[in-house]
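# Commentary on secondary and tertiary structure
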Amino acid sequence: MRLASADCPYYHRQMEERAALIEDTLQRLADTVGDPQPLVYARLFALRPDFEPMFDLDSDGGVRAAMLETCFDCILGQAAGSPSPRFHLEAARLQHDGYGLTAEDLDLIFAAIRDVCRDTLGEDWTEKRDAAWTSLLDELAGLTRETADI
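So, a few notes on the structure that sits alongside this text.

### Quick word on the overall build of the protein
- Tallying secondary structure elements over the protein gives six helices and zero strands in all.
- Scanning the protein from its N terminus toward the C terminus, one meets helices and strands in the order α-α-α-α-α-α.
- Computed over C-alpha atoms, the radius of gyration of the protein comes to 15 Å, within 12% of the 15 Å expected from 2.2 N^0.38 for 150 residues, which places it in the range of a compact globule.
- Overall, the protein is about 50 × 40 × 20 Å in size when its C-alpha atoms are taken along their principal axes.
- Residue burial in the protein is summarised as follows: out of 150 residues, 43% are buried.
- In the protein, 73% of the contacts between residues at least 6 apart in sequence involve partners at least 24 apart.
- Of the side chains in the protein, 14 bear a positive and 29 a negative charge, and the two mean positions are spaced by 5 Å.

### Digging into the side chain of Thr144
- Structurally, Thr144 can be placed in helix α6 (residues 127-148).
- Under the relative-accessibility criterion, Thr144 is labelled buried at 0%.
- Apart from the residues within four sequence positions on either side, Thr144 is in contact with Leu89, Arg93, Ala103, Leu106 and Asp107.

### Looking at the nonpolar core
- Ranked by size, the top nonpolar core spans 34 residues in total, and within it Ile75, Phe110, Ile113 and Trp133 carry the most contacts.
- Elements that contribute at least two residues to this core include exactly α1 (11-33), α2 (37-47), α3 (62-80), α5 (103-121) and α6.
- Tallying contributions element by element places α5 first for this core, with eight residues.
- Dropping the residues within four chain positions of it, Ile113 is found in contact with Leu26, Val40, Leu68, Cys71, Phe72, Ile75 and Trp133.

### Quick word on the pattern of salt bridges
- Following the criterion strictly, the structure yields 16 salt bridges and no others.
- Measuring nitrogen to oxygen at the nearest pair gives 3.8 Å for the salt bridge that ties Glu17 to Lys128. Here the residue Glu17 occupies a position in helix α1, and Lys128 occupies one in helix α6, the gap between them amounting to 111 residues.
- Owing to a relative accessible area of 45%, Lys128 belongs among the partly exposed residues under this scheme.
- Its salt-bridge partner being Arg28, residue Asp24 comes within 3.7 Å of it at the nearest N-O pair. Residue Asp24 and its partner Arg28 are located together in helix α1, separated by four residues, close to a single helical turn.
- Judged by its relative accessible area of 31%, Asp24 is partly exposed.
- Put simply, Arg43, Arg114, Asp115, Arg118 and Asp119 are held in one network by salt bridges that share partners.

### Some details on the layout of surface pockets
- Empty space within the largest pocket amounts to approximately 520 Å³.
- Lining of the largest pocket is provided by 24 residues; of these, Phe55, Met67, His96, Leu101 and Leu106 occupy positions nearest its centre.
- Those elements that provide at least two residues to the lining of the largest pocket are α3, α4 (84-96) and α5.
- In terms of residue class, the lining of the largest pocket is built from 18 nonpolar, four polar and two charged.

### Section: the packing of α2 against α3
- Taken N-terminus to C-terminus, the directions of α2 and α3 make an angle of 90°; their axes are 11 Å apart at the nearest point. Judged by the inter-axis angle, α2 sits roughly perpendicular to α3. Contacts between α2 and α3 involve Gln37, Val40, Tyr41 and Phe45 from the first element and Arg64, Ala65, Met67 and Leu68 from the second.
- The class makeup of the residues in the contact of α2 with α3 is six nonpolar, one polar and one charged.

Reading the values: the criteria
Residues numbered from 1 in each chain as written. Predicted model: local features only at pLDDT ≥ 70, side-chain atom pairs only at ≥ 80, totals over all residues. Heavy atoms only, no water. Helix = DSSP H or I, 4+ residues; strand = E, 2+ residues; numbered from the N terminus. Rg over C-alpha atoms; globule rule 2.2 N^0.38 Å. Buried < 20%, exposed > 50% of the residue type's maximum accessible area, 1.4 Å probe, protein only. Contact = heavy atoms within 4.5 Å. Lys, Arg positive; Asp, Glu negative; His and termini not counted. Charge placed at Lys NZ, Arg CZ, Asp CG, Glu CD. Core = buried A, V, L, I, M, F, W, Y, C linked by side-chain atoms within 4.5 Å. Salt bridge = Lys/Arg side-chain N within 4 Å of Asp/Glu carboxyl O. 1 Å grid on protein atoms, 1.4 Å probe; cavity = no way out; pocket = protein on both sides within 12 Å on 5 of 7 lines; lining within 4 Å. Points joined across faces, edges and corners; volume = space filled by probe spheres on them. Nonpolar A, V, L, I, M, F, W, Y, C, P; charged D, E, K, R; others polar. Axes fitted to C-alpha atoms, helices over the stretch in contact; angles between N-to-C directions. Parallel < 35°, antiparallel > 145°, perpendicular 65-115°, else oblique.

Now the structure itself:
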């Protein structure tokens, strides 16, 4: 889904369609699996096994839950055109800097969420839905990199 420029008359409709697809995806994920936290972190740790020991002290899952909530806020905020994801990502980058994580490392959780959604939706994961998620994750990655330059 290639988005038109902001001055194009179709831009706002495209953004609304993308936001609707993203919201629908997350709602269907919740309806299907309930709490996606175990699936998302299993996928994240499959992508980067070295991340798992960083959560050894998170015995009650509270840190994971808070991180996932922030990620969902960023996803939904970016889809809706809110400026808040920039601030969430800047704060996350600063919080995770002490762990030696790069901007690219922070982007992996968004990829893990997308992958879990895709796997959960199965045949209902369409090219249009994939394009919506690809453009959204590209934007979030751009924001993460911009905050790294601050």
